[in-house]
Amino acid sequence: MGLHMRRSLLALVVSQLVWFGAPGFAQDAAPAVGGVAPSATDKPLSEFPYTPGLDVSAMDTTANPCNDFYQYSCGGWIKNNPIPADQARWSVYGKLYQDNQRFLWGILDNLSKKTSGNSANQQKIGDYFAACMDEDAVDKRGAQPLQPLLAAIDGMQSKADLAAVLAQIHLTTGDAGTFFGFSADQDFSNSDQVIAFAMGGGLGLPERDYYTKQDAKSKELRQQYLDHVQRMFELLGEAPALAQSHAKLVLRIETTLAQSTLSVVDKRDPYKMFHKMPVAKLQALTPGFDWGTYLKASALSNDSAINVTEPKFYQALARLWASAKLDDIKTYMRWHVVHAQAGALSKAYVQENFNFFGKTLRGTPQLQPRWKRCVALVDAQLGEALGQEFVDRAFGPELKKRTLVMTEQIEQAMHDELQQLDWMSPATKRKAEEKLKAIVNKIGYPDTWRDYSSVAIARDDFYGNAQRATRFEVRRTLNKIGKPLDRGEWGMTPPTVNAYYSAQMNDINFPAGVLQPPLFDPKMDDAPGYGNTGGTIGHELVHGFDDEGRQFDAKGNLKNWWTPQDNSKFQQRAQCIVNQYAKYVVVDNIKINSKLTLGEDMADLGGMVLAWTAWKVQSAVVKPESRDGFTPEQRFFIGFAQWACENNRPEDLRVQAATDPHSPGKYRVNGVVVNLPEFGKAFACKPDAAMVSAKPCRVW
Ligand SMILES: [Zn+2]
């Protein structure tokens, strides 16, 4: 789970595609069927448990705040909250998400048992949940639901059949793992229009470097991956020797694709990810692959423009298709189909999938209980129907109003900040101001709910439900191509414990799920609330002006609005943050890839600057008081730090270091406060203290 996630350029597309087989959080939550007995305390919730927004018992007051503020604020939490066996990591966010899940479980459990009075949507999510929970029925079908796709692959007579079969796989699985990803998103150069996106993909491991790094750990992991792929082929009925050779073949093909894939840092550069071209040009890049057939099978015309995010990747793909044997292509496709759908199949597939992606890759000892996986699936597939139920019960108009007031205060703080900024020229300031004014605030849930009336859900057909919901989502996305943009759309569901900024929509989005205690606690005094939720709002807002977001204008178009001088001054300030975070260790001897985390680190710092200013304004309205032995200023910072308390497994930290644009929680706290003189003052830190920087970084 990317906490305080900025919507990366393609995240919306990818999150719609990913629900079963992809790495990351979706993998951990994938619907596997395991032998985990529900514990006695594992019960649905009818009400949220209350956790205060500032929790003194979560602190370690024996630590010196000026020496390690994270330990001081979170030491108690770290001690009292060991990582549950079914989690890769554990955090304040993760815990709240689990509470949300339990609450949603209660809703779904009731709806699935209710025999009359359900609305059409309530009936759908109740039936989906019931079908998903029916393990016996799922187990009885084994891998039989895969047969139509496997038969289509098997039936390919020549490479000329590839395009049609690939389109069928992409429509059915919604997965970018089979050779490439294909979806729709806003045109970088005209944000009002939606165009097709042909993207990289084709990998089973989380990121390209997993295929090329030569250290001992990486080599060991590749061997474990080979073993896993082999076992999946064996489950499909292949003899061990054949399955082993097939696994090697898969790794060879994926390695070839990885070598032509952009790095995670390069993928943050929108210019490197934007190559709009007519279909004919994409066709010229990939001779031998029939795009006309692929587009037709996807119900798309071939006269619209396509953003080919990574042209070199497509050239490599074309070379691969030309040189590989048809049988090898089929083998690779079989692997990706079973990989993408493993979570929806019987126990053996689910467990094997978890053993590698959960246990080996992330260090999680135990598969999540089935109810969690089913709740996560309803949220992933019918999220706005479930979200409606969540909002009705957990997010009133009063909460929405309070969040909006705080958001407007933060935006006012950004306006004031811009006015007095000493390094930016008036010309660039005017453009920044224009962008700030254009930002749309989305709070809690969408104004218009998604219409699921065309998705058929049957109470006795889990796999069919999952497939129909995927097809609905893939088609809904592709249907946007060539049409004007719906600016009301959300990229996260209402129960999500996260928030995002979209550079192309130029909006900030705070789902109802993240506006709950302890993150947003209306019972608490203002100080910790502004430190925590104020900081989150500021964080998302600053994403509009971080190294990536600043390249888009007020309308969400990729367009340079900076004077050359201001541009280089921005770069200098950004470099200060890059240098600072590059020194922090994630795990073992792996340091933060601070070019990857720059946008998040910048948003963390800028967000706190804005939250502080907004809180000072609010303090003139409601006079702050000392509580629990802490001054209001101290409470502001403790409230801020306590969103980030977490425990991590070393395996998961290694994945994070390679793929996550966020720094670990410790540095998201300590890395920020060292740059804020207000912090040192609040805790009377000496100038040479660890939490006081002699030359603080500051962009916004
Ligand atoms: Zn962020």
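Scoring rules and cut-offs
- Residues numbered from 1 in each chain as written.
- Predicted model: local features only at pLDDT ≥ 70, side-chain atom pairs only at ≥ 80, totals over all residues.
- Heavy atoms only, no water.
- pLDDT = per-residue confidence, 0-100.
- Contact = heavy atoms within 4.5 Å.
- 1 Å grid on protein atoms, 1.4 Å probe; cavity = no way out; pocket = protein on both sides within 12 Å on 5 of 7 lines; lining within 4 Å.
- Points joined across faces, edges and corners; volume = space filled by probe spheres on them.
- Helix = DSSP H or I, 4+ residues; strand = E, 2+ residues; numbered from the N terminus.
- Nonpolar A, V, L, I, M, F, W, Y, C, P; charged D, E, K, R; others polar.
- Pairing = 2+ DSSP bridges.
- Axes fitted to C-alpha atoms, helices over the stretch in contact; angles between N-to-C directions.
- Patch = residues over 30% accessible without salt bridge, like charges linked within 9 Å, V, L, I, M, F, W, Y side chains within 5 Å.
- Areas by Shrake-Rupley, 256 points an atom, 1.4 Å probe, with all protein chains shown as cover.
- Salt bridge = Lys/Arg side-chain N within 4 Å of Asp/Glu carboxyl O.
- Lys, Arg positive; Asp, Glu negative; His and termini not counted.
- Charge placed at Lys NZ, Arg CZ, Asp CG, Glu CD.
- Buried < 20%, exposed > 50% of the residue type's maximum accessible area, 1.4 Å probe, protein only.
- Disulfide = S-S within 2.5 Å.
- Core = buried A, V, L, I, M, F, W, Y, C linked by side-chain atoms within 4.5 Å.
- Expected span 1.5 Å × (residues − 1).
- Bend = angle between axes of the 7 residues up to and from the residue.

A.B. asks: Describe the confidence of the model for the chain, naming the residues involved and giving the relevant values.
C.D. replies: On average, residues of the chain score 93 in pLDDT, and 94% of them reach the 70 mark or higher. Across residues 1-38 the pLDDT falls below 50, and counting only partners more than four positions away or on other chains, this stretch makes 148 contacts in the model.

A.B. asks: Kindly report on the layout of surface pockets, identifying the contributing residues and their values.
C.D. replies: Each pocket or cavity is described by its volume, and for the largest pocket that value is around 590 Å³. For the largest pocket, the lining is made up of 24 residues, of which Y210, K213, S218, I590 and R654 are closest to its centre. Elements with a contribution of two residues or more to the lining of the largest pocket: α9 (209-212), α10 (216-235), α16 (347-362), β10 (590-591) and α26 (650-659). Counted by class, the lining of the largest pocket contains eight nonpolar, six polar and 10 charged residues. Approximately 440 Å³ is the volume attributed to the second largest pocket. Along the wall of the second largest pocket there are 19 residues; nearest its centre are R268, D269, D547, Q571 and L598. The element best represented in the lining of the second largest pocket is helix α23 (residues 564-581), accounting for six residues. Residues that form the lining of the second largest pocket fall into these classes: seven nonpolar, four polar and eight charged.

A.B. asks: Could you give an account of the sheet that holds strand β7 (residues 500-502), with specific residues and numbers?
C.D. replies: In space, the three strands of this open sheet follow the order β6-β8-β7, with mixed pairing throughout. With one partner strand each, in any of the chains shown, β6 (440-444) and β7 form the two edges of the open sheet. In this sheet, adjacent strand axes meet at a mean angle of 15° when their direction is disregarded. Sheet topology places β6 next to strand β8 (residues 507-511); five bridges connect them, and they run parallel. Residue pairing across strands places V440 opposite D507, the latter belonging to β8.

A.B. asks: Summarise a positive patch on the surface; cite the residues concerned and give the values.
C.D. replies: Positive charge collects at one region of the surface, where R430, K431, K555 and K559 lie side by side. For K559, the position within the fold is in the loop between α22 (526-543) and α23. By relative accessible area, K559 is classed as exposed at 52%.

A.B. asks: Pulling in residues and values, what's your account of the state of the cysteines?
C.D. replies: Under the criterion given, the structure shown has four disulfides. Shown here is the disulfide that connects C66 with C685, its sulfur atoms set 2.1 Å apart. On the sign convention where negative means left-handed, the S-S torsion of about -85° between C66 and C685 marks this disulfide as left-handed. Placement of the pair is C66 in the loop between α2 (25-28) and α3 (69-80) and C685 in the segment after α28 (677-682), with a sequence separation of 619 residues. For C685, a relative accessible area of 15% corresponds to the buried category. Disulfide connectivity for the chain, with bonded cysteines indexed by sequence position, reads 1-7, 2-6, 3-4, 5-8.

A.B. asks: Explain the nonpolar core to me, and be specific about the residues and the numbers.
C.D. replies: For soluble globular proteins, the rule of thumb is that nonpolar side chains tend to be buried together. Membership of the largest hydrophobic core comes to 210 residues, with the highest contact counts inside it found for F69, F179, F180, F182, M333 and W700. The leading source of residues in this core is helix α24 (residues 598-621), at 11 residues. Every residue in contact with F69, bar those within four places of it in the chain, is listed here: F637, I638, A641, V669, N670, V673, F679, F683 and M691.

A.B. asks: Give a detailed account of α22, specifying residues and quantitative values.
C.D. replies: End to end, α22 covers 24 Å across 18 residues, agreeing with the expected 26 Å (1.5 Å per residue, within 8%). Along α22, the helix axis deviates most sharply at G534, where the bend reaches about 30°. With 18 of its 18 residues buried, α22 lies for the most part within the structure.

A.B. asks: Before we move on, could you go through unusual backbone geometry and cite the residues and values that matter?
C.D. replies: Residue P518 is reached from P517 by a cis peptide bond, and omega for that bond is 5°. Looking at the element boundaries, P518 is found in the loop between β8 and α22. Look at A299: it is not a glycine, yet its phi comes out positive at around 60°. Along the chain, A299 turns up in the loop between α13 (291-297) and β5 (306-308). By relative accessible area, which is 56% here, A299 ends up exposed.

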